[in-house]
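Close look at the chain arrangement
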Amino acid sequence: LSVDASPHNAQVIPGNMFGIFFEEINHAGAGGLWAELVSNRGFEAGGANTPSNIDPWLIIGDESNIIVATDRSSCFAGNPIALRMEVLCEASGCPSGGVGIYNPGYWGMNIERTKVYRATMYIRSSEAVELTVSLTSSDGLQNLASHTITGDKEDFVEWTKVEFDLESNDRNTNSRLQLTTTKSGIIWFDQVSLMPEDTYMGHGFRKDLASMLANLKPRFLKFPGGNYVMGNYLVNSFRWSETVGPWEERPGHFNDAWAYWTDDGLGFFEFLQLAEDLGACPVWVVNDGASLNEEVPSATIAAFVKDVVNGIEFARGDPQTAWGSVRAAMGHPEPFQLYYVSVGNQECSKYYYKDNYVKFYSAIKASYPDIKIISSCDRSAISPVNPADLYDVHVYTSSGDMFSKSRMFDNTARSGPKAIVSEYAVTGNDAGRGTLIAALAEAAFLIGLERNSDVVEMASCAPLFVNDNDRRWNPDAIVFNSWQHYGCPNYWMLHFFKDSSGGALHPSTIQLSNYDQLVTSAITWNNSQDGNTYLKIKVVNFGSKAVNLNISVTGLETDIRTFGSIKTVLTSGWLRDENSFQQPDKVVPAASPITNAGEQMGVLLDLYSLTSFDLLL
Ligand code: AHR
């Protein structure tokens with residue numbers, strides 16, 4: 001392997017090259033990254049008809065002592081459903097512990113010892129209230145924390161917001177939130193929330209999962225989907241303006257693309273906040289008037305266009321503007337750094353897409369010329385009449401094909417708009433639920449993107465997250481449940497690329513006869529934390545043979561230092577190996593010193609492996 005590390009022959013990799021793509025799929029957000037513990041907190045998930053299904057809320061008691069139903073008496077116009085609970089048992093004697101309702105969260109709430117949880121709810125009753133709010137085990141027998149809400153007849157005649165902290169005396173990963181009473185009468189509930197006090201940067205994101213993202217040093221965050229943006233039907237698509245403002249007032253919506261309800265606690269503002277917290281550029285995928293089954297004709301697309309321009313004003317407008325003031329009222333008077341907008345998801349083949357696209361493009365550029373606009377069409381469709389700053393590419397394929405796609409952009413014309421490969425993944429049998437071979441094929445593909453980073457500006461894998469209780473798509477990079485998480489091999493593979501963005505790519509060539517299973521790149525990058533510069537040589541060995549390789553580096557202006565040079569390998573030796581809750585570290589990177597680091601070095605590449613040689617300069 002020859003590496004020409006001369007700065008004169010280097011090519012700068014775009015600063016936003018490697019990022020992440022978040023889609024509300026697999027309960028990635030609701031019941032995942034968004035730390036809200038109550039599922040269906042506003043009782044809206046059953047739809048507008050009443051009485052409706054209140055899933056996953058359940059009743060403590062039976063029809064002899066409690067009647068529970070929904071009605072449309074909420075104080076929030078945007079989410080009119082409330083829960084009416086009629087308790088009948090005071091005179092005859094309620095069961096010990098009382099009757100009421102409970103919410104198991106998203107497949108059990110993870111309640112941790114000595115941690116504090118902020119409970120919020122809206123209550124109405126024209127009778128005296130004595131309500132116990134408690135955190136318990138899933139059978140209700142272990143009490144972890146409780147709080148009593150009391151009031152006279154007059155106290156809750158109007159809808160009243162009640163807020164308090166619950167501090168848990170023990171740990172239980174499968175807990176529930178109970179609202180119980182022994183007092184007869186009618187009481188209404190709405191917008192019942194339970195948030196851990198300890199969230200990532202205090203902004204409502206589950207700390208363990210957000211940290212997994214931060215550790216990738218993503219340069220951009222593309223959100224909120226995917227098919228989620230479109231919906232099967234427009235009525236269920238992601239409407240940004242209905243996800244901002246006070247959380248209690250948000251209608252929530254049915255994510256019909258992936259078949260679950262979301263309360264929209266994780267809304268447009270929160271996505272922008274997450275990007276800011278991760279130090280990543282937001283890339284907003286807008287609904288362009290299309291769902292998977294419908295599309296709005298160009299004659300009537302204007303309202304959708306205006307809505308997107310309003311959304312940009314929400315993100316970037318100053319607090320005096322109509323939408324900027326909404327953002328400011330949410331606690332963020334400074335604009336968010338929104339400079340990328342993707343017009344639609346992958347609708348290029350739809351009848352009206354191109355005509356509609358131009359209207360979005362013109363309107364956005366007229367108000368925000370510095371925004372880069374991403375088209376769903378490939379570069380062949382882009383022209384002066386159909387302009388784009390970037391074009392979106394989605395690649396889902398087998399591991400063998402993904403490996404060969406490391407050359408996908410080798411023959412792309414070097415002028416014109418650049419690609420954002422915003423969704424890629426190995427899928428199908430060899431991908432399993434996240435195999436080593438899938439990660440290696442994706443690594444080869446990413447090395448191909450690095451090598452072609454003059455025509456590819458950004459890349460992110462998909463999907464990012466899966467709640468193991470609701471797998472809608474396999475594989476995914478990060479797997480979690482209410483209390484555990486692990487990275488799949490492709491999550492760990494991404495760590496090999498986290499220093500590439502903004503680095504310098506150097507020419508590298510491999511000469512090896514009768515073995516075409518190696519893909520390689522070489523970059524130099526500066527570590528701003530320790531001030532050091534590294535030459536990073538990555539090699540994927542996609543084959544079943546270990547390989548002895550001689551690495552020869554020329555063109556360096558400083559020596560390679562042995563002490564501080566590190567080799568990191570991702571392998572387990574068996575191509576179908578996966579990580580799991582039981583064995584989260586089966587396929588993770590292993591680092592060791594390079595004792596023979598130098599301009600000429602002999603190295604051994606394991607079979608089925610990704611290796612990084614980080615040479616300290
Ligand atoms: O990543 C899963 C889905 O794949 C996305 O929602 C869609 O954009 C693509 O088809």
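Per-chain numbering applies: the sequence of each chain, read as written, is numbered from 1 onward. Local features in this predicted model are restricted to residues whose pLDDT is 70 or higher, and side-chain atom pairs enter the listing and the counts only when it is 80 or higher, whereas totals over whole chains, interfaces and linings include all residues. Side-chain numbers here rest on the full set of heavy atoms in the structure, without hydrogens or water.

As annotated, the domain borders come from an automatic or database domain assignment. For the chain, the domain assignment lists domain 1 (2–13 + 502–616) and domain 2 (58–196). On a C-alpha basis, the centroid separation for the pair domain 1 and domain 2 is 56 Å.

With omega at 5°, the peptide bond leading from D55 into P56 counts as cis. The numbering of helices and of strands both runs from the N terminus, where a helix is a DSSP run of H or I of at least 4 residues and a strand a run of E of at least 2. Its place among the elements puts P56 in the loop between β3 (20–21) and β4 (58–60). Cis peptide bonds are those with omega within 30 degrees of zero, and the linkage from N474 to P475 qualifies with -10°. Along the chain, P475 turns up in the loop between β24 (465–467) and β25 (478–480).

The subject of this paragraph is the pattern of salt bridges. Put simply, a salt bridge is a Lys or Arg side-chain nitrogen that is within 4 Å of an Asp or Glu carboxyl oxygen. Inspection of every chain in the model, using the stated rule, returns 24 salt bridges. One salt bridge connects R41 with E36, and the closest N-O pair in it is separated by 3.0 Å. Notably, a salt bridge pairs E90 with K183, separated by 3.4 Å at the nearest N-O pair. Remark: K183 occurs in the loop between β13 (172–181) and β14 (185–196) and E90 occurs in the loop between β6 (82–87) and β7 (99–103); sequence separation between them is 93 residues. Throughout, exposure labels follow a simple rule: accessible area from a 1.4 Å probe, protein chains only, divided by the maximum for the residue type, with under 20% read as buried, over 50% as exposed, and the rest as partly exposed. Exposure remark for E90: the relative accessible area of 39% places this residue in the partly exposed category. Classification of K183 as partly exposed rests on a relative accessible area of 25%. One continuous salt-bridge network, built from bridges that share partners, spans R433, D468, R471 and D476.

Below, the discussion takes up the state of the cysteines. Cysteine sulfur pairs qualify as disulfides if the two atoms are within 2.5 Å. Per the counting criterion, the structure on display carries two disulfides. Note that C89 is cross-linked by a disulfide to C94, the S-S spacing being 1.9 Å. Note on the C89 and C94 pair: the S-S dihedral is about 90°, so by sign convention the disulfide is right-handed. With respect to burial, C89 and C94 carry one shared label: buried.

We now examine the side chain of N541. Take N541: it is sitting in strand β30 (residues 533–541). Among the polar contacts made by the side chain of N541, one reaches the side chain of Y515 at a distance of 2.6 Å. Reaching out from N541, the side chain makes a polar contact with the backbone nitrogen of G543 at a distance of 3.1 Å. Throughout, a contact is declared for two residues whenever any of their heavy atoms are within 4.5 Å. Once residues within four sequence positions are removed from consideration, N541 is found in contact with L440, Y515, Q517, L518, A546, V547, L605, D606, L607, Y608 and S609. Polar contact is the term for a pair of N or O atoms within 3.5 Å; when the atoms are in protein, one must be able to donate a hydrogen and the other to accept it, and sequence-neighboring residues count only if both atoms are side-chain atoms.

The next thing to look at is the nonpolar core. The criterion is simple. A nonpolar core is a set of buried Ala, Val, Leu, Ile, Met, Phe, Trp, Tyr and Cys residues joined through side-chain atoms within 4.5 Å. Judged by nonpolar contacts, the single largest core of 114 residues is most densely connected at W284, V421, Y424, L446, F465 and M493. A per-element tally of this core places helix α8 (residues 436–451) first, with 12 residues. Sequence-distant contacts of F465, defined by excluding residues within four places in its chain, comprise F22, I25, N26, A28, L33, L209, L213, D476, I478 and F480. Counting residues in hydrophobic clusters, the runner-up holds 38 residues, among them F43, W57, A145 and F156.

Moving on to helix α1 (residues 207–214). For α1, every residue scored as buried is listed here: L209, A210, M212 and L213. Down the axis of α1, the buried set is contained in an arc of 150°. They therefore lie on one face. Looking at the packing, one finds that the buried side of α1 touches β3, α3 (268–278), β24, β25, β26 (485–487) and α9 (489–494). The arc under discussion is defined with respect to the helix axis, by the directions toward the C-beta atoms.

Our next topic: the side chain of N227. Turning to its location among the elements, N227 is positioned in helix α2 (residues 227–230). Once residues within four sequence positions are removed from consideration, N227 is found in contact with E23, A257, W258, L292, N345 and Q346.

Attention now goes to the site of the ligand. The near set for a molecule or strand comprises every residue that places at least one heavy atom within 4 Å of it. Residues in close proximity to the ligand include E23, G226, N227, W258, N345, Q346, Y396, E423, A462, P463 and W473, which together make up its full environment. Contact between the ligand and N227: an oxygen atom at 2.8 Å from a main-chain N or O atom of the residue. Here an oxygen atom of the ligand sits 2.9 Å away from a polar atom, N or O, in the side chain of N345. Computed with a 1.4 Å probe, the accessible areas rest on the Shrake-Rupley method; for each residue, only the protein chains presented here act as cover. Calculation on the ligand without its partners gives an accessible area of 280 Å², and the protein chains cover 94% of this total. Residues are grouped as follows: Ala, Val, Leu, Ile, Met, Phe, Trp, Tyr, Cys and Pro are nonpolar; Asp, Glu, Lys and Arg are charged; every other residue, Gly included, is polar. The residue inventory of the shell around the ligand, partitioned by class, reads five nonpolar, four polar and two charged.

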